[in-house]
Amino acid sequence: MASIQFTLDDLRRILLEAAGADESVDLDADIQDTTFAVLGYESIALLETGGRIEREYGIVLDDDDLGDDITPRDLLDIVNAQLSLSGARAA
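What you see is a predicted model; the values in this text were computed from it and never measured.

**Digging into the environment of Val79**
Consideration 1: Position of Val79 among the secondary structure elements: in helix α4 (residues 72–90).
Consideration 2: The contacts of Val79, once residues within four sequence positions are left out, are Phe6, Ile53, Ile59 and Leu61.

Here it is, written out as structure tokens:
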């Protein structure tokens, strides 16, 4: 069974669907190591983003995983680790 990978493009799409984007932020730029706070996403927007990720990918994220001091790279790592665990459980 092929494993699902959560990509930066997936995150960009979900961020836009969940909370839109600040006009001053270019989500197509290299944002992986920029905190969500700097990108203009406060905790409520991150919780909505996390909820959408959970529903779409069938995983559970801890609220502590969604702090605005994390970066997109951090969130990608967290989601992919959860996907890996859920794939291992399903096998």
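Further notes follow.
**Looking at helix α3 (residues 43–57)**
Consideration 1: With 15 residues, α3 extends 21 Å from end C-alpha to end C-alpha; this agrees with the ideal 21 Å at 1.5 Å per step.
Consideration 2: For α3, the full list of buried residues reads Ala45, Leu46, Thr49, Gly50, Gly51, Ile53 and Tyr57.
Consideration 3: A positive phi of about 65 degrees marks Gly58, the residue just after α3.

**Some words on helix α1 (residues 8–19)**
Consideration 1: With twelve residues, α1 ought to run about 16 Å at 1.5 Å a step, and its terminal C-alpha atoms sit 16 Å apart, in line with that.
Consideration 2: For α1, every residue scored as buried is listed here: Leu8, Asp10, Leu11, Arg12, Ile14, Leu15 and Ala18.
Consideration 3: Directly beyond the C-terminal end of α1, a positive phi value near 75 degrees is found at Gly20.

What counts, and at which threshold
- Residues numbered from 1 in each chain as written.
- Predicted model: local features only at pLDDT ≥ 70, side-chain atom pairs only at ≥ 80, totals over all residues.
- Heavy atoms only, no water.
- Helix = DSSP H or I, 4+ residues; strand = E, 2+ residues; numbered from the N terminus.
- Contact = heavy atoms within 4.5 Å.
- Expected span 1.5 Å × (residues − 1).
- Buried < 20%, exposed > 50% of the residue type's maximum accessible area, 1.4 Å probe, protein only.

Any functional reading would require information that these geometric values do not contain.
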